[in-house]
Structure formats: structure tokens, C-alpha cells
Amino acid sequence: MSVKRLLTFSNGFYLLSAIVLLVIVSYLGYNISNSIKETDISQKIVCNLNEILVSGLQKNVSLNSILIYPQNERARKNFNQAQDNMDKAIKEALSIANESQKKELLRLQSYLKIDTKLENEMIDAASNNLGEDNISALMQEKIIAWRDAYLLLQKIINQENYIYGNEKSTMQKLIIVTVIVVVVSMMLTIIIVSIVWAILYRRIFIPLKHINSTVSTLAKGGGDLTIVLPKQSNDEFGELTD
């Protein structure tokens, strides 16, 4: 192989290696970015679901206080604050959820609305002294509504935690693969560069050194033009000696 072809091959190899490495790293980086986004969404949804759960429990405590003493303004204030927190959490969860997640969250929202409606009816019944039987009947319905909402809430939390675990595992694997690809590419590049430089040293620097030595001898020979430069290769340096 001529020196020109060898240099062309080496330059082409460097360019191709850089392009391939860039494509692979970009693809892996894109997947890592998606995994980070999915884990972030799952974590935010779980945080909002936990807020809904805490708010629901706070509402139940405040509701019991209101039923015992309907004029308890502090309990009413806590009840309304918990309701606002719950509404805000479900709204934020819906804003970042995908289609499948939204379907479950909307179902949960419908359960919570039924639960809230029954709670308000119980508060009105207690405030207007409509009787224990009426409140007890509403309480039974509320218990069923809250149970359904609670079970669905736990189901969604478990699903999101499972998704988070899978995405985290995928992200870790992609990071490991990216590191391996970069390390292997660097090692291959170092090996190829070493081989190319070894060949170039033998094809360029050694012949140049030999030619320089011969020319120096020719110059010191007082113009003896009978000295012949030996042809050691068929490349450009071999043609130079002809």
C-alpha cells in the first residue's frame, strides 16, 4: 500500500470512527434522557398521590371532629385546606401523566369526588341536625367510596413505583453500555492509531532517514554520481530513488 493510500485510509478511519461513536453515544444518550424523564414523571406522580392520601386522611380526621361538633371552625378550616391540597395534587398529577396514567388518575378523581360529595352531605346533615340515622347511612356510603379510592390509590402508587424501578434499572444499564462503548472505542482507536503510526514510521521516517544519509554521503563524496539510492519499496519513496 502506498503512503498516500495509507494516509487516506487512516484519515477515513478516524472520520468514520468519530461518526459511528457519535451516533452510538447520541442514541444511548437519547434513551438515557427518556429514562430520566420517565423516572422523574413517575416520582412526581407518586409524590402527588401520597399528598392525596395524606390529605384524605386529614379530611377524615377533620370530618369526625365536625360531626361531633358542627360549629368547630378549626376543623372546617382544616377540612377545606386538605380538600384544596387534594385537588391541587390530582390536578398536578394529571398535568404530567401520559394517556394510560391519566385514565387511572381520572378514575381515581371520580372516586374522590363521590367521597367528597358524601362528606359534604354529612357535614350539612350534622349542621342541620337531620338525625343520626341519616348521618350513619351517609357514613356507610362514604366508607365504601373511600375504600374504593384508597385501593385504587395504592394500586397506582405500586404501578408507578414499579415503573420507576424498571426505568431506573434501564437507565443504569444504558449508562454502563455507554461507558463500555466509549472505552472500547478509545481502545480500538489507540490500537489502530498505533498500527498506522508504526506503518507510517516504517514507510516514511525510516526511508527519509536512509535517503538523508545517502544524500549526505553523496554530498561528501565530491560529486560522485555513481552512488545509487537503493529501492526498498514500491511506494512514493521507492519512486524517489529511481
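Residues numbered from 1 in each chain as written. Predicted model: local features only at pLDDT ≥ 70, side-chain atom pairs only at ≥ 80, totals over all residues. Heavy atoms only, no water.

## Observations regarding the nonpolar core
Ranked by internal contacts, the top residues of the largest apolar core, which has 20 residues, are L49, I52, L105, L108, L112 and L153. Contributions of two or more residues to this core are made by α1 (3-68), α2 (73-96), α3 (99-127) and α4 (132-220). Ignoring any residue separated from it by four or fewer positions in sequence, one finds L112 in contact with I52, M86, W146 and A149. Formed by twelve residues, the second largest nonpolar core is a distinct cluster that contains L63, F79, M122 and A126. (Core = buried A, V, L, I, M, F, W, Y, C linked by side-chain atoms within 4.5 Å. Buried < 20%, exposed > 50% of the residue type's maximum accessible area, 1.4 Å probe, protein only. Helix = DSSP H or I, 4+ residues; strand = E, 2+ residues; numbered from the N terminus. Contact = heavy atoms within 4.5 Å.)

## Quick notes on the environment of V54
Turning to its location among the elements, V54 is positioned in helix α1. Between the C-alpha atoms of V54 and A82, which are 28 residues apart in sequence, the distance is 8.4 Å.

## Brief notes about α3
If you check α3, its first and last C-alpha atoms are 41 Å apart, about what 29 residues at 1.5 Å a residue would give, namely 42 Å. The first or second residue beyond α3 is N129, which carries a positive phi of 50°. (Expected span 1.5 Å × (residues − 1).)

## Observations concerning α2
In this model, α2 (24 residues) spans 35 Å end to end at C-alpha, consistent with the 34 Å of a helix rising 1.5 Å per residue. All of the buried residues in α2 are A75, F79, A82, Q83, M86, A89, I90, A93 and L94. Sitting at the amino-terminal end of α2 is N72, which places a side-chain oxygen 3.2 Å from the backbone nitrogen of R74. (Polar contact = N/O pair within 3.5 Å; in protein donor to acceptor, adjacent residues only side chain to side chain.)

## Describing the pattern of salt bridges
One pass over the full model with this rule turns up seven salt bridges. Ionic pairing is found between D40 and K44, a salt bridge with its closest N-O pair at 3.4 Å. Of this pair, D40 and K44 both sit in helix α1, four residues apart, roughly one helical turn. Owing to a relative accessible area of 37%, D40 belongs among the partly exposed residues under this scheme. Look at K44 and you get partly exposed, because its relative accessible area is 40%. Between R107 and E104 there is a salt bridge, with the nearest N and O atoms lying 3.8 Å from each other. In this pair, R107 and E104 are both assigned in helix α3, three residues apart and thus about one turn of the helix distant. Counted as one network, the salt bridges with shared partners bring together K59, D115, E119 and K142. (Salt bridge = Lys/Arg side-chain N within 4 Å of Asp/Glu carboxyl O.)

## Observations concerning the packing of aromatic side chains
One pass over the full model with this rule turns up one aromatic pair. On the basis of an interplanar angle of 45° and a centroid distance of 6.4 Å, the ring pair of W146 and Y150 is categorised as tilted. Here Y150 and W146 lie together in helix α4, a separation of four residues that amounts to about one turn. For W146, a relative accessible area of 13% gives the class buried. (Phe/Tyr/Trp six-rings, centres within 6.5 Å; stacked < 30°, edge-to-face > 60°.)

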